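Observations on the three-dimensional arrangement
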Amino acid sequence: MSDSNLSSRTVLVTGATSGIGYETARQLAEQGATVLLHGRTAEETQAAADSLIATAGIDAAQLCTFAADFSRLDEVETLAHRVVTEHPHLDVLVNNAAMAAPERHTVTADGNEVAFQVNFLAHYLLTCLLEPALTSDPGGRVVNVSSSLHRTASIQWADPNRARRYSRLAAYAQSQLALTVFAADPRVTAVSVHPGVCDTALLPLYSHEGVTPAEGAAHVVRLCDPAVEIVNGAYYDRDERVDPAPAATEDRTVKRLNKLADLLVGRTA
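Notes on the structure in this doc start here. Each chain carries its own residue numbering, running from 1 in the direction its sequence is written. Note on the predicted model: pLDDT of at least 70 is required for a residue's local features to be given, and 80 or more for side-chain atom pairs to be given and counted; whole-chain, interface and lining totals, by contrast, use all residues. For the side-chain quantities, the full set of heavy atoms in the structure was used; hydrogens and water were omitted.

1. With respect to the sheet that holds strand β5 (residues 141-145)
Pairing between strands is defined by DSSP: at least two bridges between them are needed. Helix and strand assignments follow DSSP, with helices taken as H or I runs no shorter than four residues and strands as E runs no shorter than two, numbered in order from the N terminus. Taking strand neighbours across the sheet as the criterion, the 8 strands line up as β3-β2-β1-β4-β5-β6-β7-β8 in an open arrangement whose pairing is mixed. With partners counted over all chains shown, the strands left at the sheet margins are β3 (63-67) and β8 (240-242), one partner each. Averaged over all neighbouring strand pairs, the angle between strand axes comes to 25 degrees, with direction disregarded. By the bridge criterion, 5 bridges tie strand β2 (residues 34-39) to β3 in an arrangement that is parallel. Counterpart to L37 in the pairing with β3 is T65. With respect to the sheet, helix α6 (residues 168-182) is in contact with β4 (92-95), β5, β6 (190-194) and β7 (235-237), its orientation differing from that of β5 by roughly 160 degrees. Every residue pair with non-hydrogen atoms within 4.5 Å of one another is taken to be in contact. Only the stretch in contact is used when fitting a helix axis, every axis being a line fitted to C-alpha atoms; angles between N-to-C directions are given from 0 to 180 degrees. The strands touched by helix α7 (residues 213-224) are β4, β5, β6 and β7; relative to β5, the strand with the most contacts, the crossing angle is about 165 degrees.

And the structure:
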């Protein structure tokens with residue numbers, strides 16, 4: 001891939017302090033993009049930026065750091081407003097930040113099951129708030145880092161917080177299905193990608209062995225390249241376009257999810 005495609009691009013990567021997010025940020029910056037690194041805390045995010053500068057030889061001028069704890073929706077709003085103010089033109093948003101659902105049912109201060117909020121609702125809110133920056137020029141796109149586990153999931157419409165019957169795997173899978181369904185929303189061109197089973201903090205959910213985060217990140221970076229044509233709502237398993245779970249292509253489900261998400265993040269239509 002040539003430098004030229006990404007060298008004038010500005011990309012925000014959520015969860016960029018470790019794993020696939022960190023490697024995605026590194027590869028984008030190496031190809032000349034301006035990368036907005038998001039992490040949970042200012043300290044973690046600055047440490048990631050320092051590491052990219054020291055170990056990957058990235059020019060400090062290409063990196064900007066942003067902190068927000070996705071278990072707090074007010075921090076997501078603050079993050080979005082700062083990004084829009086400082087970078088009114090954003091080419092790509094990589095919704096990568098994710099957590100494994102905890103063993104015990106856990107609810108955020110906003111009242112949502114924590115994995116559903118961190119993995120999906122925070123990204124839903126962030127994407128909605130960044131829409132003006134992503135659509136300021138044609139070609140803006142969103143890349144949702146999803147998971148093949150979305151196929152095992154169902155969205156519990158009557159109990160999205162799974163207060164009645166909680167399983168950490170089902171909660172995680174539901175959050176990934178929601179993220180995948182959200183890519184079919186027509187507001188901003190978006191795709192989802194399963195980067196493969198990678199050796200990151202989420203590996204125990206899948207298996208004992210995975211490829212390196214760098215290999216997984218390469219599939220994400222490819223979809224950030226404007227030279228790679230994408231279709232809104234498409235789903236990729238690594239570099240191959242495949243059909244997502246049927247729910248992810250149903251207009252009815254997309255509309256229903258938007259309504260639910262708006263309600264849970266406190267957005268009034």
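2. Details of the side chain of H38
Of note, H38 is situated in strand β2. Pairing of N or O atoms within 3.5 Å defines a polar contact, subject to two protein rules: one partner must be a possible hydrogen donor and the other a possible acceptor, and residues neighboring in sequence count only if both atoms are side-chain atoms. Within polar-contact distance, the side chain of H38 engages the backbone nitrogen of G15 at 3.0 Å.

3. Description of the nonpolar core
Take the buried residues of types Ala, Val, Leu, Ile, Met, Phe, Trp, Tyr and Cys, join any two whose side-chain atoms come within 4.5 Å, and each joined set is a nonpolar core. When accessible area is computed with a 1.4 Å probe and restricted to protein chains, residues below 20% of their type maximum are described as buried, those above 50% as exposed, and intermediate ones as partly exposed. Counting 47 residues, the largest nonpolar core has L12, F70, V83, L90, F120, L126 and L130 as its most contacted members. Of the residues forming this core, the biggest block, 14 residues, is contributed by helix α5 (residues 114-134). Excluding anything up to four places from it in sequence, F120 contacts A115, S175, A178, L179, F182, L257 and A261.

4. Quick word on the packing of aromatic side chains
The geometry of an aromatic ring pair is captured by the separation of the ring centres together with the interplanar angle, meaning the angle of the planes. The pairing test for Phe, Tyr and Trp rings, Trp by its six-membered ring, is centres within 6.5 Å, and the orientation test on the planes gives stacked under 30 degrees, edge-to-face over 60, and tilted for anything in between. Inspection of the entire model under this criterion finds 4 aromatic pairs. With a centroid separation of 5.9 Å and an interplanar angle of 50 degrees, the aromatic rings of F120 and Y124 are classed as tilted. Taken as a pair, F120 and Y124 lie in helix α5 at a separation of 4 residues, close to a single helical turn. Looking at F120, the relative accessible area reads 0%, which means it is buried. Between F120 and F182, the aromatic rings sit 6.1 Å apart at their centres with planes inclined by 80 degrees, giving edge-to-face as the arrangement. Remark: F182 occurs in helix α6 and F120 occurs in helix α5; sequence separation between them is 62 residues. Judged on exposure class, the residue F120 and its partner F182 are both buried. Here the aromatic cluster, defined as three or more aromatic residues joined through ring pairs, consists of F116, F120, Y124 and F182.

5. Details of the pattern of salt bridges
Should a side-chain nitrogen of Lys or Arg be within 4 Å of a carboxyl oxygen of Asp or Glu, the pair is scored as a salt bridge. The tally for this structure, following the rule as stated, stands at 10 salt bridges. Ionic pairing is found between R26 and E23, a salt bridge with its closest N-O pair at 2.6 Å. Pair noted here: R26 and E23 are both in helix α2 (residues 19-30), with a separation of 3 residues, about one helical turn. R82 is paired through a salt bridge with E86; the nearest N and O atoms lie 2.8 Å apart. Separated by 4 residues within a single helix, R82 and E86 lie in helix α4 (residues 73-86), roughly one turn from each other. Owing to a relative accessible area of 36%, R82 belongs among the partly exposed residues under this scheme. For E86, a relative accessible area of 43% puts it in the partly exposed group.

6. Quick word on the packing of α2 against helix α3 (residues 42-55)
Interaxial distance between α2 and α3 falls to 11 Å at its minimum, and their mutual angle equals 45 degrees. By the angle between their axes, α2 is oblique relative to α3. Crossing hand, α2 versus α3: right-handed. Between α2, through Y22, A25 and R26, and α3, the contact on the second element is made entirely by A48, S51, L52 and T55. Broken down by class, the residue content of the contact of α2 with α3 amounts to 4 nonpolar, 2 polar and 1 charged. Oblique is the label for any angle not covered by the other classes, which are roughly parallel (under 35 degrees), roughly antiparallel (over 145) and roughly perpendicular (65 to 115). Crossings are classed by handedness, with left-handed meaning an anticlockwise turn of the near helix from the far one by less than a right angle and right-handed meaning a clockwise turn. Residue classes follow a fixed rule: Ala, Val, Leu, Ile, Met, Phe, Trp, Tyr, Cys and Pro count as nonpolar, while Asp, Glu, Lys and Arg count as charged, and any other residue, Gly among them, counts as polar.

7. Topic: α5
At C128, α5 shows its largest kink, close to 35 degrees, and the proline P132 lies no more than four residues downstream. Among the 21 residues that make up α5, 19 are buried, leaving the element largely enclosed by the rest of the structure. A side-chain oxygen of the first residue of α5 lies 3.0 Å from the backbone nitrogen of A115; this N-cap is E113. We define the bend at each residue as the angle formed by axes fitted to the 7 residues ending at it and the 7 residues starting at it.

8. Some details on the pairing of β4
With burial as the criterion, each face of β4 is covered, one bearing V92 and V94 and the other bearing L93 and N95. In this structure, strand β1 (residues 10-13) lies alongside β4, joined through 3 bridges in parallel fashion. The partner of V11 across the bridge, within β4, is V92. Sheet topology note: the β4/β5 ladder contains 4 bridges and is parallel.

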